[in-house]
Amino acid sequence: MPGGFSYRLLRPYARFTRMEPYKNWSREELIARLQHLDPHHDRPRPATTPQGKPFDFNAYPKRKIALKFTYNGIHYGGMEFQRDPALPTVEGVLFDALVHTRLVDRAGGLEGCGWQRCGRTDKGVSAGGQVVSLWVRSTLGSKAAEEAVPTELESTASAEPSEDGPGLEGDFGLMDDFDEAPTNNSKPTEPASAALEFPYVFGLNHVLPPTIRVLAWSPVSDEFSARFSCRWRHYKYFFSPRGLDLAAMSDAAARLVGERDFRNLCKIDASKQITVFTRRILSATIDRADAHGDLYVFNLRGNAFLYNMVRHIMAILFLVGSGLEKPSVMTALLNADPANPLPPFREGEEPPPIVTGKPDYLIADPLPLMLWDCGYDDGVLDWRTDRASAKTGESTKSPLPGMICDLERATITAALDEHFLKAAEAHHKPPKQYFPLGAPDVEPLHPGAMMSVPLGGGMVKRAGTYVPLLQRKRMPTPDEVNERYRLGRGAKKLGRKAAPTTADEGDE
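Owing to the predicted nature of the structure, the values given are computational and were not obtained by experimental measurement.

Draft legend 1. Structural view of the overall build of the chain. Each helix and strand counted, the chain has 11 helices and 12 strands in total. Taking all 508 residues of the chain together, the buried fraction comes to 44%. Just so you have it, the chain exposes about 27,200 Å², and 54% of that area is on carbon and sulfur atoms.

Draft legend 2. Geometry of the pattern of salt bridges. Under the definition given, this model contains 16 salt bridges. Between aspartate 382 and arginine 384 there is a salt bridge, with the nearest N and O atoms lying 2.6 Å from each other. Judged by its relative accessible area of 27%, aspartate 382 is partly exposed. Judged by its relative accessible area of 21%, arginine 384 falls in the partly exposed class. Residues lysine 432 and glutamate 443 are paired through a salt bridge, measuring 3.6 Å at the closest nitrogen-oxygen approach. Of this pair, lysine 432 sits in the loop between helix H9 (400–425) and strand E11 (451–456) while glutamate 443 sits in the loop between H9 and E11, and the two are 11 residues apart along the sequence. Residue class for lysine 432 comes out exposed when judged on its relative accessible area of 53%.

Draft legend 3. How the structure looks around empty space enclosed by the protein. Its volume calculated, the largest cavity comes out at about 60 Å³. If you go around the largest cavity, the residues you meet are Ala315, Phe318, Leu319, Tyr361, Leu362, Val453, Pro454, Leu455, Lys461 and Arg472. Elements supplying a minimum of two residues to the lining of the largest cavity: helix H7 (309–322) and E11. A breakdown of the residues in the lining of the largest cavity according to their chemical character gives eight nonpolar, no polar and two charged.

Draft legend 4. Layout of the confidence of the model for the chain. For the chain, per-residue confidence averages 82 on the pLDDT scale, and residues scoring 70 or more make up 77% of the total. The least confident element of the chain, judged by mean pLDDT, is helix H4 (residues 143–148) at 44; the most confident is helix H6 (residues 246–254) at 98. For residues 154–182, every residue scores under 50 in pLDDT, and the model assigns this stretch 116 contacts once sequence neighbours within four places are set aside. Note that residues 502–506 has pLDDT below 50 and, in this model, 29 contacts with residues that lie over four places away or in other chains.

Draft legend 5. Region of interest: the side chain of arginine 137. Relative to the elements of secondary structure, arginine 137 occurs in strand E4 (residues 126–137). A distance of 2.6 Å separates the side chain of arginine 137 from the backbone oxygen of arginine 102, its partner in a polar contact.

Draft legend 6. How the structure looks around the nonpolar core. Residues Leu134, Leu256, Leu265, Phe298, Ile313, Ile316 and Leu317 are the most contacted members of the largest nonpolar core, which totals 90 residues. The element best represented in this core is H7, accounting for 10 residues. Each of domain 1 (61–140 + 196–228) and domain 2 (232–386 + 431–499) gives at least three residues to this core. The residues contacting isoleucine 313, other than those within four sequence positions of it, are Leu256, Phe262, Leu265, Phe298, Leu300 and Met330.

Draft legend 7. How the structure looks around the packing of H6 against H7. At their nearest, the axes of H6 and H7 sit 8 Å apart, and the two run at 140 degrees to each other. For the element pair H6 / H7, the angle class is oblique. Between H6 and H7 lies a crossing whose hand is right-handed. Along its contact with H6, which presents Ala248, Met249, Ala252 and Ala253, the element H7 presents Met314, Leu317, Phe318, Val320 and Gly321. For the contact of H6 with H7, a count of residues per class yields eight nonpolar, one polar and no charged.

Draft legend 8. Summary view of the packing of aromatic side chains. Evaluation of the coordinates by the stated rule reveals 10 aromatic pairs. Measuring from ring centre to ring centre gives 4.9 Å for phenylalanine 55 and phenylalanine 57, while their planes differ by 75 degrees; the resulting arrangement is edge-to-face. Between the aromatic rings of tyrosine 235 and phenylalanine 305, the centroid separation amounts to 5.0 Å while the plane-to-plane angle is 90 degrees, which identifies the pairing as edge-to-face. Of the two residues, tyrosine 235 sits in strand E6 (residues 232–239) while phenylalanine 305 sits in the loop between strand E9 (296–302) and H7, which places them 70 residues apart along the sequence. For phenylalanine 305, a relative accessible area of 0% translates into the label buried. Site record: aromatic cluster; members linked through ring pairs are Tyr237, Phe239, Tyr296 and Phe318. Its guanidinium or amino end placed over the ring of tryptophan 232, arginine 301 lies 5.0 Å from that ring's centre, counting from NZ or CZ. Over the face of the ring belonging to tyrosine 361 we find lysine 358, whose NZ or CZ atom lies 5.8 Å from the ring centre.

Scoring rules and cut-offs
- Residues numbered from 1 in each chain as written.
- Predicted model: local features only at pLDDT ≥ 70, side-chain atom pairs only at ≥ 80, totals over all residues.
- Heavy atoms only, no water.
- Helix = DSSP H or I, 4+ residues; strand = E, 2+ residues; numbered from the N terminus.
- Buried < 20%, exposed > 50% of the residue type's maximum accessible area, 1.4 Å probe, protein only.
- Areas by Shrake-Rupley, 256 points an atom, 1.4 Å probe, with all protein chains shown as cover.
- Salt bridge = Lys/Arg side-chain N within 4 Å of Asp/Glu carboxyl O.
- 1 Å grid on protein atoms, 1.4 Å probe; cavity = no way out; pocket = protein on both sides within 12 Å on 5 of 7 lines; lining within 4 Å.
- Points joined across faces, edges and corners; volume = space filled by probe spheres on them.
- Nonpolar A, V, L, I, M, F, W, Y, C, P; charged D, E, K, R; others polar.
- pLDDT = per-residue confidence, 0-100.
- Contact = heavy atoms within 4.5 Å.
- Polar contact = N/O pair within 3.5 Å; in protein donor to acceptor, adjacent residues only side chain to side chain.
- Core = buried A, V, L, I, M, F, W, Y, C linked by side-chain atoms within 4.5 Å.
- Domains from an automatic or database assignment.
- Axes fitted to C-alpha atoms, helices over the stretch in contact; angles between N-to-C directions.
- Parallel < 35°, antiparallel > 145°, perpendicular 65-115°, else oblique.
- Left-handed = near helix turned anticlockwise from the far one by under 90°.
- Phe/Tyr/Trp six-rings, centres within 6.5 Å; stacked < 30°, edge-to-face > 60°.
- Lys NZ or Arg CZ within 6 Å of the ring centre and 35° of its normal.

Structure, rendered in structure tokens:
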């Protein structure tokens, strides 16, 4: 069994009947049902005939900007644009909004507008401060263009965004890595007419679903790249401390800081032919999520990340917090290069064993993971929102009112769930708590007991036995995975590409 367990995953619910009302189905289930009913869904749709005079993008000036935005990854199939996704992607929906407001030309695609993202997030992963850079239409430098632009960007969408999340007409642990020297250039000087620029923030939020919100935009130099100019990325993973030894988790997290080899803490993507897995972690801490709440958060900040790297790390932290593993197991997993063995992390510890192949284990759930922030040199960006009202001095088109309402509804939903639990506890005994193992006031683990090992996001792994990580079956090494791909299905693809790289686009 994967992960050295005899187990079954516990999910919030499962559906086994066709008669259940569609209103209770998830977005993924609804899409799957539509695709089943429409056997020709994968065929290209006939192009609609444009009405009126075609819009001429060449008649308008352009400028390069950076956009900062947030999104709830549970609604999306990842950040990166996909040709035929089962779920809409964040890039696909955002690009559709840019096309809809006539800021970019659909015919040119992402490449045509010089699209660069700070990083890619995997399916289900959210972002609080994602950044992209691109060339967009501008009012600056053209009086005719300014006169032709209404107060709001052109839009045929309804005045209020849909409450049901993103539409399906367009297209959520991977962080971009450096494969050339980063560039950080000073922002360009703004002309006096800068206040007359397009209302980029409101214009895009007006047509975007409420699960994606543009927060600010910044003028940037022509050489700026949201990807290569980024100095660090900051991830947050939220979790409940129930049944976890936070001190042990902090000990394990501290071992990540510095230049480390993360081949045992990531997923190998053979198509990228990655050969270097060293990354620099700047800080790794376990903290309270806020001063008054019950949640904690794993804060991880580094220059770049590998595919699903944060979720691999968090899975190990959960095992350490449960008492199933010692904090020193993190040092062992990082000790992957026989040519450069790691010393003991602290005085009194045994030298860590060399682990050249990743043990088989399940990674943490994507729901609690968020790309919180992307760091750039001072002076490179000048974040701004749309111009404020002359009467109040405040922006009347801020995304905050809607986001506050969303938070209030989520808080009430959490309170309802808590009271459902209280009602059930009046008739049912709570499950036995065995974690953290050996802690005071925790029931000892007796033979045959079923453990609920946390995977994050309310997901647990039910297990009757546990096999220590370093005693488990080892997965193929990166060299073996890469060679198998080169000799198999990747032979033709690699023949059309350049030589294998030593750095990937980190994926989370």
